[in-house]
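Remarks on the overall topology
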Amino acid sequence: MPEVIFTGEKGRLEGRYQPAKQRHAPIAIILHPHPQFGGTMNNPVVYNLYYQFVNRGFSTLRFNFRGVGRSQGSFDHGQGELADAAAALDWAQSINPDARACWIAGFSFGAWIGMQLLMRRPEVEGFISVAAPANLYDFSFLAPCPSSGLFVHGDKDAVVPFSAVNTLVEKLKTQKGIVIEQQTVPGANHFFDNRTEELTELIGGYLDRRLPDTRKSDNAA
């Protein structure tokens, strides 16, 4: 799991990057929760998301937003963090020029940032949004949502009520040309405490349904 440093809008950004074994492998970018509430790239949900993609043959990057860990800058209420995510994708593409596609996965605040990046980058063909904070941030920019993907939520989430995410998902499901799936992890709170294994299995199953067999890999975890 090599440590990497790449250049963002406000200076260096630190990350962890696992290159794929195959030259034409797709890219995955993993985005962490809110920086001002303890969110980092080492969050357990982020860590497990990372390896779901690594183990399926993606060139996978997770990183710290500005002001977190060794990443330079300071919290910018979403605008700057979106620029960081774009810089992360630019960096991953620069060292994987033959990559055929890209996926974005985000947890909580990271899900909000990821869906904004999705709207700006047509090469993103899939997404996973975990505990998307639909009651805390405006997701109306998804008009229309350009790619198919998965929303996952805990049914005991006291931070983001299930009803808020469900309203967003039902709206997106009316759009043509994409397939939006929604899954619920029973007993899980916003942080998926003691439910990370169930979350990981659910996401892995979704990826296996979406990805061609040729993209699955025995890359070491």
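Residues numbered from 1 in each chain as written. Predicted model: local features only at pLDDT ≥ 70, side-chain atom pairs only at ≥ 80, totals over all residues. Heavy atoms only, no water.

Going by what an unreviewed UniProt entry lists, the protein chain is known as Alpha/beta hydrolase and is assigned to Ancylobacter defluvii.

Quick notes on the UniProt feature "domain: Peptidase S9 prolyl oligopeptidase catalytic" (unreviewed entry) in the protein chain
What UniProt calls "domain: Peptidase S9 prolyl oligopeptidase catalytic" (unreviewed entry) maps, in this numbering, to residues 149–197. In residues 149–197, the share of helix is 29% and the share of strand is 24%. The end C-alpha atoms are 20 Å apart. (UniProt positions renumbered as here; feature names shortened; annotations may be inferred. Helix = DSSP H or I, 4+ residues; strand = E, 2+ residues; numbered from the N terminus.)

What to know about unusual backbone geometry
Negative phi characterises most residues that are not glycine, and trans characterises most peptide bonds. The amide bond that connects alanine 143 to the next residue, proline 144, takes the cis arrangement and shows omega of -5°. Mapping proline 144 onto the fold places it in the loop between strand E6 (124–130) and strand E7 (148–154). Not every positive phi belongs to a glycine, and serine 108 is a case in point at roughly 55°. The topology assignment puts serine 108 in the loop between strand E5 (102–107) and helix H3 (109–120).

Regarding the environment of serine 129
With respect to the element layout, serine 129 can be found in strand E6. Separated by 70 residues in the primary sequence, serine 129 and leucine 199 have C-alpha atoms spaced 12 Å apart. For serine 129, the residues in contact, after removing those within four places along its chain, are Gly106, Ala111, Met115, Leu150, Phe151 and Val152. (Contact = heavy atoms within 4.5 Å.)

So, the side chain of arginine 62
Checked against the element boundaries, arginine 62 lands in strand E4 (residues 59–63). Buried and unpaired, arginine 62 has glutamate 3 as its nearest opposite-charge partner, separated by 9.0 Å. (Buried < 20%, exposed > 50% of the residue type's maximum accessible area, 1.4 Å probe, protein only. Lys, Arg positive; Asp, Glu negative; His and termini not counted. Salt bridge = Lys/Arg side-chain N within 4 Å of Asp/Glu carboxyl O.)

A few points about the UniProt feature "domain: Xaa-Pro dipeptidyl-peptidase-like" (unreviewed entry) in the protein chain
Per the UniProt record, the feature "domain: Xaa-Pro dipeptidyl-peptidase-like" (unreviewed entry) sits at residues 17–140. Across residues 17–140, the secondary structure splits into 31% helix and 20% strand, with the terminal C-alpha atoms separated by 32 Å.

Overview of the packing of helix H2 (residues 79–94) against H3
Between H2 and H3, the shortest axis-to-axis distance is 9 Å and the interhelical angle comes to 60°. Between H2 and H3, the angle is such that the two are oblique. In this structure, the crossing between H2 and H3 has a hand that is right-handed. The residues of H3 that touch H2, namely those facing Glu81, Leu82, Ala85, Ala86 and Leu89, are Phe109, Ile113, Gln116, Leu117 and Arg120. Looking at the contact of H2 with H3, its residues break down into seven nonpolar, one polar and two charged. (Axes fitted to C-alpha atoms, helices over the stretch in contact; angles between N-to-C directions. Parallel < 35°, antiparallel > 145°, perpendicular 65-115°, else oblique. Left-handed = near helix turned anticlockwise from the far one by under 90°. Nonpolar A, V, L, I, M, F, W, Y, C, P; charged D, E, K, R; others polar.)

Some thoughts on the sheet that holds E6
Strand order in this open sheet of eight strands is E1-E2-E4-E3-E5-E6-E7-E8, and the pairing throughout is mixed. Either end of the sheet is taken by a strand with one partner, and the two such strands are strand E1 (3–8) and strand E8 (180–185). Strand-to-strand twist in this sheet, taken as the mean axis angle between neighbours without regard to direction, amounts to 20°. Across the sheet, H2 touches E1, strand E2 (11–18), strand E3 (27–31), E4, E5 and E6, and the angle it forms with E3 is around 155°. The strands touched by H3 within the sheet are E3, E5, E6 and E7, with E5 carrying the most contacts at an inclination of about 150°. (Pairing = 2+ DSSP bridges.)

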